[in-house]
Amino acid sequence: MKLTISRESLLTPLQNIAGVVEKKQTMPVLSNVLLVAEDNVLMLTGTNMEVELVGRVTPVHVDQPGQITVPARKLSDICRALGDEAPIDLVLEGDRLHVRSGASHFTLSTLPAEHFPNVEDEPESFRLELPQKELRRMFDATAFAMAQQDVRYYLNGLLLEVDKDHVRTVATDGHRLAMAHLEQDTGCQEARQVIVPRKGVLELSRLLDEVETPVRLVIGDNHLRATVGSYTFTSKLIEGKFPDYNRVIPRGGDKVVLADRATLKNTLQRAAILSHENIRGVRLNLATNELQVFANNPDQEQAEDALPVDYQGESLQIGFNVGYLVDVMNALDEDQVKITLSNPNSSALIESQNDNRCLYVVMPMRL
């Protein structure tokens, strides 16, 4: 294998693919990136057996076609450290890959391309095209609520639900729930649900831009495949049944609070400084046109704060994990936030005042 490529053309896909590759691997080849050069195209592939990312780089001057795997992070770090002035020559000699640019010369160890695992192809269930910016918005609005290493493995991912005229993303860790939806004619005749694992959601999000250009999704029984520009991303799906999120969403709350999102977020963050570092609980006291926030910790330290709100109704005391509330404030992007409550033992429903595309449910705490 022998080829010449510009640093700029190689660096961006290499950095994206290095993000997919885990630092610690049980199989050495999984720390490598697969390089395949032919027909003046360089294909780069990285995988951790759960997700796979393939990037196509053109134009590339290929003198000798070939394929090999090399350490992903080392090659990425080398490219990042090189200057833009000279092109990069990649030459495979025996079991070593030589990387040359100007006066710089690096020799990398390799492993045969035949050792690199392939994600198996499978029959597709349905196809879907969405604007990149909309899928990214939905991921950003919900991904933070995914569980991490929960024994209920189906919570360690994001539900992607498609029906005839809606696409939804839903995440929950059992203490909070985040849901976002997009109205779109999908052509899907019967509703489908798949659970995309955490790593798949985070890596696909990194590929999406704030553009109308579509991302093409192909969903099978075991895999989700996304085509974004010159990248093809594949993720395994989590087997299992996601909880019925509609049963979690509280209905009929009679206490509706309107507040300035930024002011509420800042008030919560100040109180959080003196909350218990493990429990992270704060107490909210709701009264006519005022919300008071209290926090304390085992060192007998206390925080008290208050902000004006639009509320007419009975007073209410309720406790929450302050981190969960701040996460929701960060996910919302409108100025006014609407919080619907019913009693101290019922979950809070949080949404933007004028935008119903996202909603959040946070369970209360006993303090």
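What you are looking at is a predicted structure, and each value in this text was computed from that prediction instead of being measured.

A.B. asks: Tell me what's going on with the overall build of the protein, and back it up with residues and numbers.
C.D. replies: Helix and strand counts for the protein stand at 6 helices and 25 strands. With respect to the principal axes defined by its C-alpha atoms, the protein has extents near 80 × 50 × 35 Å. Within the protein, the proportion of its 367 residues that are buried is 51%. Considering only contacts within the protein whose residues lie at least 6 apart along the sequence, 65% involve residues at least 24 apart. Of the roughly 18,100 Å² of accessible surface on the protein, 44% is carried by carbon and sulfur atoms. The averaged location of the 52 negative side-chain charges in the protein is 3 Å from the averaged location of its 37 positive side-chain charges.

A.B. asks: Just give me the short version of the pairing of strand S22 (residues 316-321), but keep the residues and values in it.
C.D. replies: Most of S22 sits out of view: 5 of its 6 residues are buried. Bridging between strand S19 (residues 281-287) and S22 involves 6 bridges; their strand directions are antiparallel. Paired with arginine 283 across the strands is glycine 319, a residue of S22.

A.B. asks: Give a description of the nonpolar core that names residues and reports values.
C.D. replies: Residues Leu35, Leu42 and Ile350 are the most contacted members of the largest nonpolar core, which totals 99 residues. Among the elements that make up this core, the one with the highest residue count is helix H6 (residues 322-331) (6 residues). Other than its neighbours up to four places away in sequence, leucine 35 contacts Met1, Leu42, Met43, Leu44, Gly66, Gln67, Ile68, Val70, Leu75, Leu90 and Leu97. Ile195, Phe242, Leu349 and Val361 belong to the second largest nonpolar core, which has 12 residues in total.

A.B. asks: So what about the sheet that holds strand S9 (residues 104-109)? Which residues, and what values?
C.D. replies: Pairing between sheet strands relies on hydrogen bonds along the backbone, with the strands arranged either parallel or antiparallel. If you walk across this open sheet you meet the 5 strands as S5-S1-S7-S8-S9, and the pairing is antiparallel. Only two strands of the sheet have a single partner each, and these edge strands are strand S5 (61-64) and S9. Each strand of the sheet is rotated relative to its neighbour by a mean of 15°, with strand direction disregarded. Across 5 bridges, strand S7 (residues 88-93) lies against strand S8 (residues 96-101) in antiparallel orientation. Bridging from a neighbouring strand, leucine 92 pairs with leucine 97 of S8. Contacting S7, S8 and S9, helix H2 (residues 72-81) crosses the sheet at an angle of about 170° to S9.

A.B. asks: Go over H6, please, and point to the residues and values.
C.D. replies: Across the 10 residues that make up H6, a large majority, 7, are buried. The backbone nitrogen of glycine 323 lies 2.8 Å from a side-chain oxygen of the residue at the head of H6, namely asparagine 321.

A.B. asks: How would you sum up the packing of aromatic side chains? Please name residues and give values.
C.D. replies: Using the criterion set out here, one finds 2 aromatic pairs in the structure. Measuring from centroid to centroid gives 5.6 Å for tyrosine 153 and tyrosine 154, while their planes differ by 75°, and the two rings are edge-to-face. You can call tyrosine 154 partly exposed: its relative accessible area is 24%. Across the ring face of phenylalanine 294, the terminal group of arginine 283 is positioned such that the distance to the ring centre comes to 4.6 Å.

A.B. asks: Describe in detail the UniProt feature "domain: DNA polymerase III beta sliding clamp N-terminal" (unreviewed entry) in the protein, supporting the description with residues and values.
C.D. replies: In the numbering used here, UniProt assigns the feature "domain: DNA polymerase III beta sliding clamp N-terminal" (unreviewed entry) to residues 1-119. Between the end C-alpha atoms of residues 1-119 the distance is 24 Å, and the span holds 20% helix and 45% strand.

A.B. asks: Outline the environment of leucine 359, listing residues and values.
C.D. replies: Note on placement: leucine 359 falls in strand S25 (residues 358-362). Sequence-wise, leucine 359 and valine 328 are 31 residues apart; in three dimensions their C-alpha atoms are separated by 9.2 Å. In contact with leucine 359, not counting residues within four places along its chain, are Leu177, Ala178, Met179, Ile249, Leu349, Ile350 and Glu351.

A.B. asks: Describe the sheet that holds strand S2 (residues 32-38), with residues and values.
C.D. replies: Spatial strand order, S6-S2-S3-S4-S17-S16-S15-S10: 8 strands in an open sheet with antiparallel pairing. Looking along the sheet, the strands with just one partner apiece sit at the ends: strand S6 (66-71) and strand S10 (124-131). Averaged over all adjacent pairs, the angle separating strand axes in this sheet is 15°, with direction ignored. Relative to strand S15 (residues 214-220), S10 is paired through 7 bridges, and the arrangement is antiparallel. What sits directly across from glutamate 124, in S15, is glycine 220. Contacts from H2 reach S2 and S6 within the one sheet, and its direction differs from that of S6 by about 90°. Across the face of the sheet, helix H4 (residues 198-207) comes into contact with strand S4 (51-57), strand S16 (223-228) and strand S17 (231-236) while running at roughly 165° to S17.

Reading guide: rules and limits
Residues numbered from 1 in each chain as written. Predicted model: local features only at pLDDT ≥ 70, side-chain atom pairs only at ≥ 80, totals over all residues. Heavy atoms only, no water. Helix = DSSP H or I, 4+ residues; strand = E, 2+ residues; numbered from the N terminus. Buried < 20%, exposed > 50% of the residue type's maximum accessible area, 1.4 Å probe, protein only. Contact = heavy atoms within 4.5 Å. Areas by Shrake-Rupley, 256 points an atom, 1.4 Å probe, with all protein chains shown as cover. Lys, Arg positive; Asp, Glu negative; His and termini not counted. Charge placed at Lys NZ, Arg CZ, Asp CG, Glu CD. Pairing = 2+ DSSP bridges. Core = buried A, V, L, I, M, F, W, Y, C linked by side-chain atoms within 4.5 Å. Axes fitted to C-alpha atoms, helices over the stretch in contact; angles between N-to-C directions. Polar contact = N/O pair within 3.5 Å; in protein donor to acceptor, adjacent residues only side chain to side chain. Phe/Tyr/Trp six-rings, centres within 6.5 Å; stacked < 30°, edge-to-face > 60°. Lys NZ or Arg CZ within 6 Å of the ring centre and 35° of its normal. UniProt positions renumbered as here; feature names shortened; annotations may be inferred.

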